Amino acid sequence: METVLETQGLGKAWRTYPTGLARAAEVLSLGALRTHRPYWALRDVSLSLPRGAALGVVGANGAGKSTFLKLLAGATAPTEGRLRVAGRVAALLELGAGFHPELSGRENALTTGVLLGRSRREMRACMDELLEFAGVRHAADAPLRTWSSGMAMRLGFATALFVEPEVMILDEVLAVGDLDFQKKCVDAVAAFRRKGGSLVLVSHSLYDVRQICDEAVWLRDGAVASTGDPARVTGLYSAWYGECEDAQGDPRLDPGPERPRLRTVELEGVTPGDPVDTVETGQPLEVRVAWENPTGSPLQLGVTFTRQDRTLVCAAGTQAAGAVLEGRSGVATLRIPQVPLLAGRFTLVAHLLDEAGVHRHHERAAERELLVLQAGPELGLVQLPHAWSVEAAQEVTPAALPGTAPQELHR
């Protein structure tokens, strides 16, 4: 399969100076005096992206994600290693960046499209469709300074999309605008991939990475901590993130003492209190989730079961059961009398939500994947509770049927 993006030992070091005077001394000496120290934001990153595939990038703040995207987009040059990109790249690192407030929306879209590699004729040909997609045709000829920030962001996304690049780089931009436009963005990205386009997605939404991407990479302190299946990589990252919060080892991972969070996600099998990572179909399973909530506001909790192929098999939530998490801390237990899952390896992720079950405060994966074994020949994802009833039909001769006469059968 053709590779559209490839990196080998890619690294980027930024120069840091103790004082402004030290910086000036190095500049004036034309490099003869070295007063800076290198800060390696990214180092030894090697990966490849096939045509039509999607790569998800996850990591905590300061892990090197933005630096990685700037290298891919050509916004900065690497300090070491090699980078090869085949074809046109559209990078949505900051929607609306580069737009001029005094130019109209139409003029900004035209200029940006040309800068991204399309001709003026091509951009004019698709301009009406572009403006319609962004939902800003009514204000297309008004100066951008009169637009709302949401309108400008929608125009930025639509412009990058209509450039039709070979590689699209998205940095936390799938949640642009209202719900209707967000759905249009997701549908447009899916159509882009069906046409053979390749995608690099950076997102703090692990759900989006698991659902959209074919492969994921976890960056930690500027290096690759794990790469491979998105469910596995995001599960490892989520577990590590929770451990760092517990240990308070890195203040960048803790957004504040008042945020609701999940402490542990533990699995228990046949023997209560005995942690497990393997069960058989039909055996009992308990998922114990410890949480804390400094705000004391009511919360909801959900647990998802995702198979290795990124199929979301099933989920269970407190909201559907009419339960709610109250107080400042506690343990919620999901009891499954008979595991319905058939053979496979599953990632269990707990999601801590607000009272309405919409906003996700925190998510955390169980430390180990759950391996499900089965003894029977059933096929599929789950075992259906069922029973068979078979009745033999009574034999009926043609003479017994009303209005019919026996017929002779000829071979």
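Being a predicted model, the structure only gives us computed values, none of them experimental.

About the criteria used
Residues numbered from 1 in each chain as written. Predicted model: local features only at pLDDT ≥ 70, side-chain atom pairs only at ≥ 80, totals over all residues. Heavy atoms only, no water. Phe/Tyr/Trp six-rings, centres within 6.5 Å; stacked < 30°, edge-to-face > 60°. Helix = DSSP H or I, 4+ residues; strand = E, 2+ residues; numbered from the N terminus. Lys NZ or Arg CZ within 6 Å of the ring centre and 35° of its normal. Patch = residues over 30% accessible without salt bridge, like charges linked within 9 Å, V, L, I, M, F, W, Y side chains within 5 Å. Areas by Shrake-Rupley, 256 points an atom, 1.4 Å probe, with all protein chains shown as cover. Salt bridge = Lys/Arg side-chain N within 4 Å of Asp/Glu carboxyl O. Buried < 20%, exposed > 50% of the residue type's maximum accessible area, 1.4 Å probe, protein only. Lys, Arg positive; Asp, Glu negative; His and termini not counted. Polar contact = N/O pair within 3.5 Å; in protein donor to acceptor, adjacent residues only side chain to side chain. Contact = heavy atoms within 4.5 Å. Pairing = 2+ DSSP bridges. pLDDT = per-residue confidence, 0-100. Core = buried A, V, L, I, M, F, W, Y, C linked by side-chain atoms within 4.5 Å.

Trainee: Explain the packing of aromatic side chains to me, please; I cannot follow it from the model alone.
Mentor: Working definition: an aromatic ring pair is given by the centre-to-centre distance plus the angle between the planes. Overall, the coordinates contain two aromatic pairs when judged by the stated rule. Centroid distance F133 to F162: 6.0 Å. Interplanar angle 65°. Geometry classified as edge-to-face. Of the two residues, F133 is situated in helix α4 (residues 120-134) and F162 in helix α5 (residues 149-162); the sequence distance between them amounts to 29 residues. The ring of W14 carries K12 above its face, with NZ or CZ at 4.7 Å from the centroid.

Trainee: Is there a simple way to explain a nonpolar patch on the surface in this structure?
Mentor: On the surface, L381, V382 and L384 cluster together to form a nonpolar patch covering roughly 240 Å² of accessible area. Taking relative accessible area as the criterion, L384 reaches 61% and is therefore assigned exposed.

Trainee: Got a minute to help me understand the side chain of K12 in this structure?
Mentor: Checked against the element boundaries, K12 lands in strand β1 (residues 3-16). Buried K12, no salt bridge; nearest opposite-charge side chain is E80, N-O distance 12 Å. A polar contact of 2.8 Å, which involves the side chain of K12, links it to the backbone oxygen of A77. Excluding residues that lie within four positions of it along the chain, K12 makes contacts with Y39, W40, A41, L42, T67, L71, T76, A77, P78 and T79.

Trainee: So what exactly am I meant to see when it comes to the pairing of strand β7 (residues 198-202) here?
Mentor: Remark: a regular strand shows side chains that alternate across the two faces of the sheet. Counting buried positions along β7 yields five of five residues, so the element is predominantly enclosed. Across the two faces of β7 the burial is the same, with S198, V200 and V202 and L199 and L201 all buried. Across four bridges, strand β3 (residues 54-58) lies against β7 in parallel orientation. Paired with L55 across the two strands is V200, which belongs to β7. Both strand β6 (residues 167-171) and β7 contribute to a ladder of five bridges, which runs parallel. Note on β7: the bridge partner recorded for D171 is V202.

Trainee: Would you explain the confidence of the model for the protein chain in this entry?
Mentor: In regions of low pLDDT, the predicted coordinates are not meant to be interpreted in detail. Looking at the protein chain, the pLDDT average stands at 82 and 85% of residues meet or exceed 70. No element of the protein chain has a lower mean pLDDT than helix α8 (residues 230-247), at 69, and none a higher one than strand β15 (residues 329-336), at 94. The low-confidence segment residues 245-256, where pLDDT is below 50, has 19 contacts with residues more than four positions distant or belonging to other chains.

Trainee: I'm lost on helix α2 (residues 65-73) in this one. Help?
Mentor: An α-helix turns once every 3.6 residues. As a result, residues three or four positions apart point the same way. When α2 is considered as a whole, its buried residues turn out to be K65, T67, F68, L69, L71 and L72. G74 lies just past α2 and shows a positive phi near 80°.

Trainee: Could you clarify how one ought to interpret the nonpolar core in this entry?
Mentor: Among soluble globular proteins, nonpolar side chains are generally buried collectively. One finds L130, L155, F157 and L170 to be the most contacted residues of the largest nonpolar core, which totals 44 residues. Among residues more than four places away in sequence, those in contact with L130 are A109, M123, L155, A158, T159 and F162. Among the nonpolar cores identified, the runner-up in size contains 26 residues, and V287, V303, A350 and V372 belong to it.

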